[in-house]
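An overview of the molecular structure
Listed below, chain by chain, are the residues.
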Amino acid sequence: MKFSAILLSGVVAAAAFAAPAFAKDWKTATITLEGAYAPWNMTNADGTLGGFEPELAKVLCERAKIDCKLVASDWDGMIPALNAGKFDVIMDALSITDERKQVIGFTIPYAATPAAFATAKDSPLAKAAGTGTTIKMTPGQTGVKEIDVLKEAFKGKTIGIQAATVYAKFVYDNFGSIATIREYKTGADRDLDLQNGRIDLGFDDAVYFANAFASANDSLAFTGPEIAGSIWGEGEGLGIRQADTDLRDKFNEAIKSALADGTIKTLSMKWFKVDVSPN
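Residues numbered from 1 in each chain as written. Predicted model: local features only at pLDDT ≥ 70, side-chain atom pairs only at ≥ 80, totals over all residues. Heavy atoms only, no water.

**A closer look at the pairing of strand β1 (residues 28-33)**
As judged from the six bridges shared by β1 and strand β5 (residues 67-72), these two strands associate in the parallel manner. Along β5, the bridge assignment pairs Ala29 with Cys68. With two bridges connecting them, β1 and strand β6 (residues 89-90) associate as parallel partners. Across the sheet, Ile31 pairs through a bridge with Val89, a residue of β6. (Pairing = 2+ DSSP bridges. Helix = DSSP H or I, 4+ residues; strand = E, 2+ residues; numbered from the N terminus.)

What follows is the structure in structure tokens.
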């Protein structure tokens, strides 16, 4: 999912002044999630955190023999707050990218998902060329014919994205010259504007959108091809301070175990209806 270049200098500064981490037993750890990115993670009516990632976190912490506390926090401040020591782990559909590796460490990926455009079902933009197909892209790739076709179709339209995400960067890079880009603090805020016709398109994680469509009374639908591949990094992983290699290693072993015995696939099918296990 989600970190813009705008934040990079501030994050680097935060990392430089973060308290040094020393080897420790890691009997306890605090994990932060947005609590507003269903079905990856959500806030239940009773205030507890639910969804794919909270359930997976429980499994991973048990296998790592760590007593974990889950807390909700705003997406756009997570990385600086991690480096400032406010919590120990980010688990929020966080894409593992080279840019982020400059300032935080990562576990191996526990998921890998494509992204897609969404629009109103009755919109003239519905069923754009490539709908129902998947293309793969690499970082910085240009001259992709399917994207060029979408540029022509979406010219002059307004595209909504959640701020400070890998998806925002993709939309700015590929559609910023032909469309109006509107940023939102949360995906839910963007989806509401999309549902009510205040923007023409949204772009986000495909499994997130599949869940959001149900909340929008099936008034929204995918349009154009799903976009997969290394353009989104290695997949989604746990974000951990670079110095905390011992904590990273514990969670790496837990993730490997949960992938090997099918636990991640089972939770994925429960929450996403598709297997998002990384290849």
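That covers the picture; the talk isn't over yet.
**A look at the environment of Val149**
Within the fold, Val149 resides in helix α5 (residues 145-153). Residues Val149 and Ala128, 21 residues apart in the sequence, show an inter-C-alpha distance of 8.9 Å.

**Digging into the packing of aromatic side chains**
For the structure shown, the criterion picks out 19 aromatic pairs. Arranged with centres 6.0 Å apart and planes meeting at 80 degrees, the rings of Tyr167 and Phe203 form a pair that is edge-to-face. Taken as a pair, Tyr167 in helix α6 (residues 166-175) and Phe203 in strand β12 (residues 201-205) lie far apart in primary sequence, 36 residues in all. The same class applies to Tyr167 as to Phe203, namely buried. (Phe/Tyr/Trp six-rings, centres within 6.5 Å; stacked < 30°, edge-to-face > 60°. Buried < 20%, exposed > 50% of the residue type's maximum accessible area, 1.4 Å probe, protein only.)

**As for the state of the cysteines**
A full pass over the atoms with the stated rule returns one disulfide. Disulfide partner of Cys61: Cys68, at an S-S distance of 2.0 Å. Judged by the sign of its S-S torsion, about -95 degrees, the cystine formed by Cys61 and Cys68 is left-handed. The class for Cys61 is buried, based on a relative accessible area of 4%. (Disulfide = S-S within 2.5 Å.)

**A short note on the environment of Val274**
Along the polypeptide, Val274 turns up in the segment after α10 (263-272). C-alpha of Val274 to C-alpha of Ile66: the two residues are 208 residues apart in sequence and 29 Å apart in space. Apart from the residues lying within four places of it in its own chain, the contact partners of Val274 are Val207, Ser268 and Met269. (Contact = heavy atoms within 4.5 Å.)

**Structural notes on the domain arrangement of the protein**
Partitioning the protein into structural domains gives domain 1 (27-111 + 233-270) and domain 2 (113-230). Just the C-alpha atoms count here: the centres of domain 1 and domain 2 sit 25 Å apart. With 14 residues of domain 1 in contact, the opposing surface of domain 2 contributes 16 residues. For the pair domain 1 and domain 2, the two sides together bury roughly 1,200 Å², of which 46% comes from carbon and sulfur. Our count for the domain 1 to domain 2 interface comes out at two salt bridges. The closest approach of N and O atoms between Asp76 and Lys185, which form a salt bridge, is 3.6 Å. Applying the counting rule to domain 1 against domain 2 returns six residue pairs in polar contact (both at pLDDT 80 or more). For the side of domain 1 that touches domain 2, the residue count by class is six nonpolar, three polar and five charged. (Domains from an automatic or database assignment. Buried area = accessible area lost by both parts, 1.4 Å probe. Salt bridge = Lys/Arg side-chain N within 4 Å of Asp/Glu carboxyl O. Polar contact = N/O pair within 3.5 Å; in protein donor to acceptor, adjacent residues only side chain to side chain. Nonpolar A, V, L, I, M, F, W, Y, C, P; charged D, E, K, R; others polar.)

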